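Listed below, chain by chain, are the residues.
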Amino acid sequence: YLAEIMDAFSNEDVERIVFVKPTQVGGTTALENMLASAVDQDPAPAMIVYPSDKLAERTVEAKLEPMIRQCKPLAAKYREAESQKLKLKFETMFVFLSGANSPASLSSPIRYLFLDEVDKFPGASKKEADPVSLAIERTKTYTTNRKIFMASTPTLKSGHIWKAKEEAEAEKHYFVPCPHCGEYIEFVFAQLKWPSKDDVPDSAERAEMATYVCQACGAVITDQDKGKMLAAGRWQTVRQTAARPSGVAYWLNTLYS
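Computed from a predicted model, the values in this text were never measured in an experiment. (Residues numbered from 1 in each chain as written. Predicted model: local features only at pLDDT ≥ 70, side-chain atom pairs only at ≥ 80, totals over all residues. Heavy atoms only, no water.)

Chemist: Give a description of the pattern of salt bridges that names residues and reports values.
Modeler: Tallied over the full model, the rule gives 14 salt bridges. Salt-bridge contacts for aspartate 40 lead to lysine 77; the nearest nitrogen and oxygen are separated by 3.1 Å. In this pair, aspartate 40 sits in helix α2 (residues 27-41) while lysine 77 sits in helix α4 (residues 72-77), placing the two residues 37 residues apart along the sequence. Notably, a salt bridge pairs lysine 165 with glutamate 166, separated by 2.7 Å at the nearest N-O pair. In this structure, a network of salt bridges that share partners links the residues Lys165, Glu166, Glu171 and Arg239. (Salt bridge = Lys/Arg side-chain N within 4 Å of Asp/Glu carboxyl O. Helix = DSSP H or I, 4+ residues; strand = E, 2+ residues; numbered from the N terminus.)

Chemist: Lay out the pairing of strand β13 (residues 247-251) in plain terms, naming residues and giving numbers.
Modeler: The buried fraction of β13 amounts to 5 of the 5 residues, a majority that puts the element mostly inside the structure. Burial along β13 is two-sided: the residues Gly247, Ala249 and Trp251 and Val248 and Tyr250 are all buried. Two elements, strand β7 (residues 170-177) and β13, share 4 bridges in a ladder whose sense is parallel. What sits directly across from histidine 173, in β13, is tryptophan 251. (Buried < 20%, exposed > 50% of the residue type's maximum accessible area, 1.4 Å probe, protein only. Pairing = 2+ DSSP bridges.)

Chemist: Account for the nonpolar core, naming residues and giving values.
Modeler: Ranked by internal contacts, the top residues of the largest apolar core, which has 52 residues, are Ile5, Phe19, Ile48, Val95, Leu97, Phe114 and Phe149. Among the elements that make up this core, the one with the highest residue count is α2 (7 residues). Leave out the neighbours within four places in its chain, and leucine 97 touches Ile48, Tyr50, Ala56, Val60, Leu64, Leu86, Lys87 and Leu88. If you look at the next biggest cluster of nonpolar residues, it comprises 22 residues, including Val49, Ala135, Ile136 and Met150. (Core = buried A, V, L, I, M, F, W, Y, C linked by side-chain atoms within 4.5 Å. Contact = heavy atoms within 4.5 Å.)

Chemist: Can you break down the packing of aromatic side chains residue by residue, with the values?
Modeler: Per the stated rule, a full pass over the model turns up 10 aromatic pairs. Judged by centre distance (5.5 Å) and plane angle (35°), the rings of phenylalanine 9 and tyrosine 112 are tilted. Taken together, the positions of phenylalanine 9 in the loop between α1 (2-8) and β1 (16-20) and tyrosine 112 in strand β5 (residues 112-116) put the pair 103 residues apart, joining distant regions of the chain. The class of tyrosine 112 is buried, set by a relative accessible area of 2%. With a centroid separation of 5.1 Å and 65° between ring planes, the pair formed by tyrosine 174 and tryptophan 235 is classed as edge-to-face. Taken together, the residues tyrosine 174 in strand β7 and tryptophan 235 in strand β12 (residues 234-240) connect sequence positions 61 residues apart. Residues tyrosine 174 and tryptophan 235 agree in their burial class; the two are buried. One aromatic cluster is present, formed by Tyr1, Tyr174, Phe187, Tyr212, Trp235, Tyr250 and Tyr256 through successive ring pairs. (Phe/Tyr/Trp six-rings, centres within 6.5 Å; stacked < 30°, edge-to-face > 60°.)

Chemist: Run through the sheet that holds strand β10 (residues 211-213), naming residues and quoting values.
Modeler: An order of β9-β10-β11 is seen for the 3 strands of this open sheet, with the pairing classed as antiparallel. In this open sheet, the two edge strands, each paired with only one partner strand, are β9 (192-193) and β11 (220-221). Relative to β10, β9 runs antiparallel, the two sharing 2 bridges. Residue pairing across strands places leucine 192 opposite tyrosine 212, the latter belonging to β10.

Structure (structure tokens):
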């Protein structure tokens, strides 16, 4: 399910990519792959904003620098001696890293903007706009070819990621083929079924006996089926308000992970 999200980064029509996601489904990895593609294929100033400076520093050490060193095209362009902890220098571009808790660091003009776990960002203050608005303001120099990627596990409908989803001109959900009838279905919690309390007195055992019932044919789907279903899945548009959407939101619930 990450493939189309990453491909959208190369789609000239798409300016904003919104990923509303559960935890541990590769959203940050997709972000890093898009950044790597930009560095190698179409360099321009980039910024990644994390909920805090500390998380930004940890991510550089644990993920970004190892990725750069292990990928030959990136390693060849990396100027480690000229880089700083939160400012990575490449042959023809900079990558700025910032915490949403540091408004002053969100002031550099950039073409590529990556916002990770935006619902954990602090809110606006009396002196400053909210960090998401501040960061997007920095892309105004590149309004004809900028790319904004925003990912987060949602919290409230008033949160950044949910509002971004609602504002997107297209919304897509991930559908997978039932192994029994072949119909493409979306995993929904209403189709989770388990024995009654009377049949299974131990609540832990009852949870372990839960099954998923296909909403198309009524057959039982198990965890053994899920890997092949996910691999054969596809994104389907559930809402679209423009012929060529510039903002696309991808929505995925935790049943997929």
